[in-house]
Amino acid sequence: MAFTVGRYGIGALAGLGKLMATFYATATLFVVLVLGTISRAAGVNIWHFLAYIKDEILVVLGTSSSETVLQE
C-alpha cells in the first residue's frame, strides 16, 4: 500500500475507496431489504434486532473483520 501511494500518488486509493463504498452500500441494502423482508415475515422488527446487536456491528465496522466479534 505504501509503495503504491508513494509511486502513483494518493489518487491510487480512489479505486479502493469506491470498492469499499460499494461493498458497504451493498451490505446495507441487503440487510435492510432482504433480511428486513424475511424478519417482517417472521414477525421480528429488524430495527430492534439491529439495535440489540449494535455493539457487535460497530466492532465489525471498526476493525473491518468479523473475526474480532466472533472471538469475544
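Described below are features of the structure shown in this document. Everything numeric here is computed off the predicted structure, so don't read it as measured data.

Overview of a nonpolar patch on the surface
At step 1: On the surface, a nonpolar cluster with roughly 760 Å² of combined accessible area is contributed by L29, F30, V32, L33, V34, L35, I38 and W47.
At step 2: Here the nonpolar patch takes 7 residues from helix α2 (residues 13-42), the largest share from any one element.
At step 3: For L35, the location among the structural elements is in helix α2.
At step 4: Among the residues examined, L35 registers a relative accessible area of 34% and is labelled partly exposed.

Details of the layout of surface pockets
At step 1: The volume enclosed by the largest pocket comes to roughly 550 Å³.
At step 2: Lining of the largest pocket is provided by 21 residues; of these, A27, V31, I57, V60 and L61 occupy positions nearest its centre.
At step 3: Of all the secondary structure elements, the ones that give two or more residues to the lining of the largest pocket are α2, α3 (46-52) and α4 (54-63).
At step 4: Examining the composition of the lining of the largest pocket, we find that 9 residues originate from one element, α2, more than from any other.
At step 5: The residue inventory of the lining of the largest pocket, partitioned by class, reads 16 nonpolar, 4 polar and 1 charged.

Criteria and cut-off values
- Residues numbered from 1 in each chain as written.
- Predicted model: local features only at pLDDT ≥ 70, side-chain atom pairs only at ≥ 80, totals over all residues.
- Heavy atoms only, no water.
- Patch = residues over 30% accessible without salt bridge, like charges linked within 9 Å, V, L, I, M, F, W, Y side chains within 5 Å.
- Areas by Shrake-Rupley, 256 points an atom, 1.4 Å probe, with all protein chains shown as cover.
- Salt bridge = Lys/Arg side-chain N within 4 Å of Asp/Glu carboxyl O.
- Helix = DSSP H or I, 4+ residues; strand = E, 2+ residues; numbered from the N terminus.
- Buried < 20%, exposed > 50% of the residue type's maximum accessible area, 1.4 Å probe, protein only.
- 1 Å grid on protein atoms, 1.4 Å probe; cavity = no way out; pocket = protein on both sides within 12 Å on 5 of 7 lines; lining within 4 Å.
- Points joined across faces, edges and corners; volume = space filled by probe spheres on them.
- Nonpolar A, V, L, I, M, F, W, Y, C, P; charged D, E, K, R; others polar.

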